Amino acid sequence: MSRSPLRRARSRRRGRRRAYRGSVIHYLVALTLVPSIGLAVLSGIFIEDRLEDARVAGRVGAQMELVVELHELRSIIASESSASVLKASATRYGISMEGLADIIGHDLVRPVEPTRDRTDAALAGFRPDERNRATIERLPGQLRAARQAADRSFQSAEVALAVAWDMHAAFTEIDRALSVATQRTVQRIVDGDDGTGSNELLAAVSQMARVAAIVDVGIQEGVHLGALFTARTDDERVTALADLEDAAAVWRRSSNALSQHLSPAIRRSWEASVSHAQGTTMDDTIEALVESGLSADPTAPTAEAQEASVVVARLATDLRVLVREAADEGVAIAAADEASAQRRVTWAFAGTGLLLVAAVSLLGAIGGLLRRRLGSLAEAAERFSAGELDEMAVHGPREIAAASVALNDAVASFRQVSVQAERLSAGELDAPELQVAAPGALGTALQVSVQQIVSAARERERLQGELAHQASHDGLTHLPNRAETERLIEKALARAHRSEGSVAVLFVDLDHFKACNDTLGHAAGDQVLRTAADRMSAAVRPGDTVCRIGGDEFVVVIEPVGSDRSVVEIAERVAASLVEPMTYGEHTIAIGGSVGVAISDPSSDADSLLREADSAMYRAKATARGGVEVFNDALRAGLQDDADFRVAMADALVRDELELHYQPVLDIASGRLTAFEALARWPRPGIGMVGPDEFIPMAEKSGLILDIGEWALRVAAAQLVSWSADPAFASVKVAVNLSGRHLSQTRVVDDVRAALAASGLPADRLIIEITESVAIESSAAIDHLIALSDLGVLIALDDFGTGYTSIGQLLHLPIDILKIDRSLVSGTNEDGSPALGGSSRVVDLIIEIAHALDLDVVAEGVEDQSQLDTLAQAACESAQGYLLARPMPTADVVGWVAARQGGEVVPGVTGARRT
């Protein structure tokens, strides 16, 4: 069994390696670069760690100093507090400071002013950290408040009785704030926020925390003792004794276990602090004081009170010394840690430098050995990267030789790849060079990539072709779409222009296609479209092109054109091919098609040619469905006129040229005015009055009918509201005609709602008039009529009797009023010819049917008295027509109504009315 090319290449390389002398691995074993780098990194980490130890020791020492400074500041303020309390007490009981000193001891009585100076000096020199800055910044304001209370208490015994307690409370609040700041700083050290440091430093920190805590308790005892001297009532005195007892209990719990956690030097200072000269402990003194109580008269304090005052005063001094000693011990340890860390940093720098120098020296020696052997390989690689595909000699250590062999294989592979790339860029996907692989494993891998690129290129060409076809062709019939049709016509016109020929376009519209879709569904409609496309393609010449531009509209591009008659013959064949019935399942479908023909001239372009063929198709459909119509000068002139008319009509809306005329609707029995029908009129500047029969159809085709309908609703509603200020118009309604195109749009409901809201007209005074064709051809229009009826608007079915509305359909329409067409009322057709006999009987039947359906009836086109009498006898409610009043401009309406109220004769009869 033969081996694969990749395995053979590997075997050849292994054979060549055995002949190479030496190995670069022997040199690399001695290379110490990586260990040296690792050593440098580890040394850096070690140095950074030692530097951090030094920084931690410095930060912890600074925080301990801050704790001592906070205690010093607190003690100084406590001294001011004590001096102020004693002076206030002396004032309260009417004794001098010397007398007070004789009572409680000269060591405890100090002047107030020197203590204030000490406090101000200490506060001015204090530098807090960020955590305590807010507390220290509030102290001056708090001190001013306390001193103001103290100064007032020094004025008289009565003021001292009222204010001394408030003064003591203010100093107590200051002491509490400093206590919190001290505890916060101590806790920061204990929590290690600035680092932990060595074990010795941690022990010093722990000792500092314990000492700070017990000192805080001792100070609290002094604060509560001072409260006894400022108490105003027995209740306050009882409260002060209770607070002192609680503080004493905390002191006992904290002090009993403190000694075992202190260093020998701090333990000796602690034991000396808690006992006075007679050996009486702080605990015993406070307990005796609590049991005996305090005399209400400070001029005759109990022996226990004197003893407690002396003990607390001495304890405050001793505890300050204890805090200083504990802090000094911690600071000394921190300084020793910092110095030790700095020494270790120095040693680490020195050792790392020596090792790196040795490593660099060794690296230089080894690099000299390898430089010559790697130089030639580097030169060959540079030539390769510069595009010089030259092979190099194989020599040097085994690994360098193997790299040389691999580089030579790469050179051969890239030579082959270069040739293959040229073939691929030229699009020569079948070139023989694309089938040959370069030598080596790299060549094999590159050949696989080349084959994948070739496959991808072929697949891309196939997909591009499919996408181009889909973008330019209809997905249902596979005929060219509208965009492609326009391109085909432009190309055909360009060829015709060069050959001085012409191009013909047939515009084909299927007849009755909508009925097929509505009756049998869209699947049947799709089948009809495919069949029609096949038939038309078979009916035209081989060089002609059938296209589908949308819906049921097709275009045939005929090129070249032999004669006008030959084009008409092709059009007739196309029309005839569509006449033959089609089958869909069990159904037989008969459609047909109307064809418009347009033949180019030198000025034609694709758009104009399509537009002309479309116009001819509409003429064919209007003349006789299934016929052929050729575009001519008359149609061209009509198109231009239509375009000019549409532009003028759009401008008329913008310039507010349209106006409404109002034809009254009268109650037949009473002659009372019940409504107006608003009729659009266009006094076109320079031409005169344009009737609605002229501009309404054009507005329907152009879409302007929507804006005209919205305008008529808005103007008619606002006008009726304006008239309603006159009581004669109080119950009059106004009717507005809306087109089927407007009613089939969702906006119609919004337009009616907006007109009512803008004018304030009640919905039941607005009548929307529709034609019979709207009622039977558009389901969307019926839905919108229902929505309008839900608003309260009245719906009138206009021109009833001339269309195809059945009685059954009336049952499902939201109709309130039935308007009988004028041809039935007058007995003549629109052209004036006599209508079929029996029209009066038809009117009677319509009125009876309307009454049975609970609909009001309005007769249109009443022109003589006999017609009005007949309607009255048939119980018709209302009528309008020239006999009663012609449509009149807005300015004439008020005068006409006033004339009726003035007693002018208005035609009318009194007839039977239904109840």
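Residues numbered from 1 in each chain as written. Predicted model: local features only at pLDDT ≥ 70, side-chain atom pairs only at ≥ 80, totals over all residues. Heavy atoms only, no water.

### A closer look at the sheet that holds strand E3 (residues 553–558)
Counted only if it meets this: Strands pair, by our definition, only if DSSP identifies at least two bridges between them. Strands here mean DSSP runs of E at least two residues long; helices mean DSSP runs of H or I at least four residues long; both are numbered from the N terminus. Between N-to-C directions, angles cover 0 to 180 degrees, with each direction set by a line fitted to C-alpha atoms, over the stretch in contact for helices. Two residues qualify as a contact provided that any one of their heavy atoms is within 4.5 Å of a heavy atom in the partner residue.
Judged by pairing direction, the sheet is mixed, and its five strands sit side by side in the order E2-E3-E1-E6-E7 without closing on themselves. The open sheet has two free edges, formed respectively by strand E2 (545–550) and strand E7 (628–630), since each of these has just one partner strand. For this sheet, the mean angle separating the axes of adjacent strands, direction not counted, is 20 degrees. Sheet topology note: the E2/E3 ladder contains five bridges and is antiparallel. By the bridge assignment for E3, Arg548 is matched with Phe554. Helix H15 (residues 482–499) contacts strand E1 (504–510), E2 and E3 of the sheet and is inclined by roughly 140 degrees relative to E2. Its contacts with the sheet place helix H18 (residues 564–579) against E1, E3, strand E6 (593–599) and E7, and it is angled at close to 20 degrees to E1.

### So, the nonpolar core
Within soluble globular proteins, side chains that are nonpolar generally end up buried alongside one another. The condition that has to hold: To qualify as a nonpolar core, a set must consist of buried Ala, Val, Leu, Ile, Met, Phe, Trp, Tyr and Cys residues joined through side-chain atoms within 4.5 Å. Classification of residues uses two cut-offs on accessible area relative to the type maximum, computed with a 1.4 Å probe and protein chains only: under 20% is buried, over 50% is exposed, and between them is partly exposed.
With 80 residues, the main nonpolar core has Tyr662, Phe676, Trp682, Leu766 and Ile768 as its most contacted residues. Element by element, the count of residues in this core is highest for helix H22 (residues 704–723), at 11 residues. Ignoring sequence-local partners within four residues, the contact set of Phe676 consists of Tyr662, Gln663, Pro664, Trp723, Phe729, Val732, Lys733, Val734, Ala735, Val893 and Val897. Ala504, Leu506, Val508 and Ala575 belong to the second-largest nonpolar core, a separate cluster that totals 31 residues.

### Some words on the pattern of salt bridges
Applied cut-off: Put simply, a salt bridge is a Lys or Arg side-chain nitrogen that is within 4 Å of an Asp or Glu carboxyl oxygen.
For the structure shown, the criterion picks out 24 salt bridges. For Arg565, the salt bridge goes to Glu572, with nearest N and O atoms at 3.6 Å. Classification of Glu572 as partly exposed rests on a relative accessible area of 37%. The partner of Arg822 in a salt bridge is Glu863, and the shortest N-O contact between them spans 2.7 Å. Of the two residues, Arg822 is situated in helix H28 (residues 822–826) and Glu863 in the loop between strand E15 (856–859) and helix H30 (865–873); the sequence distance between them amounts to 41 residues.

### Overview of the confidence of the model for the protein
What counts is decided by this rule: On a range of 0 to 100, pLDDT expresses the predictor's confidence in each residue.
Of all residues in the protein, 67% attain a pLDDT of 70 or more, and the chain-wide mean is 76. The weakest mean pLDDT in the protein belongs to helix H1 (residues 5–19) at 49; the strongest belongs to strand E16 (residues 878–879) at 96. Segment residues 15–25 is flagged for pLDDT under 50; beyond a separation of four residues in sequence, or across chains, it makes 21 contacts in the model. Taken together, the stretch residues 904–915 has pLDDT below 50 and engages in 29 contacts with residues farther than four places along the chain or on a different chain.

### Points about the packing of aromatic side chains
What counts, and what does not: Paired rings are identified among Phe, Tyr and Trp, the last through its six-membered ring, by centres lying within 6.5 Å, and are further divided according to the angle between planes into stacked (under 30 degrees), edge-to-face (over 60) and tilted (the rest). Whether a charge sits over a ring depends on NZ of Lys or CZ of Arg being within 6 Å of the ring centre and within 35 degrees of the ring normal.
In the structure shown here, the tally under the stated rule is six aromatic pairs. When the centroid spacing of 5.0 Å and the interplanar angle of 75 degrees are considered together, the rings of Tyr662 and Trp723 count as edge-to-face. Here Tyr662, found in strand E8 (residues 659–667), pairs with Trp723, found in helix H22; they are 61 residues apart in sequence, far enough to count as distant. For the pair formed by Tyr662 and Trp723, the shared burial category is buried. Over the aromatic face of Tyr882 sits the side chain of Arg886, whose NZ or CZ is 3.8 Å from the ring centroid.

### Some details on the pairing of E8
Burial of E8 is extensive: eight of the nine residues sit out of reach of the surface. Of the strand pairs in this sheet, E8 and strand E9 (residues 673–684) are connected by eight bridges, and their pairing is antiparallel. Bridge pairing in E9 places His661 opposite Leu679. Count of turn residues in the E8/E9 antiparallel hairpin: five residues, of which Gly671 carries a positive phi of about 75 degrees. Alignment of E8 against strand E17 (residues 888–889), held across two bridges, turns out to be antiparallel. Paired with Tyr662 across the bridge in E17 is Met888. Alignment of E8 against E16, held across two bridges, turns out to be antiparallel. Each bridged residue has a counterpart across the sheet, and for Asp667 the counterpart in E16 is Ser878.

### Here's the deal with unusual backbone geometry
The linkage connecting Glu559 with the following residue, Pro560, adopts the cis geometry, with an omega of 0 degrees. As for its position among the elements, Pro560 is in the loop between E3 and H18. Backbone geometry at His512 places phi at a positive 65 degrees, although glycine is not the residue there. Note on placement: His512 falls in the loop between E1 and helix H16 (513–520). Look at Asp656: it is not a glycine, yet its phi comes out positive at around 60 degrees. Here Asp656 shows up in the loop between helix H20 (633–654) and E8. Judged by its relative accessible area of 54%, Asp656 is exposed.

### Quick word on H18
Working note: α-helix, 3.6 residues per turn, so residues spaced by three or four point in the same direction. The criterion, for reference: One less than the residue count of a helix, multiplied by 1.5 Å, gives the span that helix is expected to have.
Compared with an ideal rise of 1.5 Å per residue, which puts 16 residues at 22 Å, H18 spans 23 Å between its outermost C-alpha atoms and is within 8% of the ideal. All of the buried residues in H18 are Val567, Val568, Ile570, Ala571, Val574, Ala575, Ser577 and Leu578. Elements that come into contact with the buried residues of H18 comprise E1, helix H17 (522–539), E3, E6 and E7.

### A look at the environment of Ala177
By the element assignment, Ala177 lies in helix H7 (residues 157–191). A residue is classified by how much of its surface remains accessible, and Ala177, at 17% relative accessible area, is buried. Sequence spacing of Ala177 and Arg138 is 39 residues, and the spatial spacing of their C-alpha atoms is 9.5 Å.

### Here's the deal with the packing of H15 against helix H19 (residues 606–623)
Where we set the bar: Each angle is binned into one of four classes, with values under 35 degrees roughly parallel, values over 145 roughly antiparallel, values of 65 to 115 roughly perpendicular, and all other values oblique. Each residue is assigned to one class: nonpolar for Ala, Val, Leu, Ile, Met, Phe, Trp, Tyr, Cys and Pro, charged for Asp, Glu, Lys and Arg, and polar for all the others, Gly among them.
As a packed pair, H15 and H19 sit with axes 9 Å apart at the nearest point and diverge in direction by 110 degrees. By the criterion of interaxial angle, the relationship of H15 to H19 is roughly perpendicular. Every residue of H19 that contacts H15 at Glu486, Ile489, Glu490 and Leu493 is listed here: Ala606, Leu609 and Leu610. Considered class by class, the residues forming the contact of H15 with H19 number five nonpolar, no polar and two charged.

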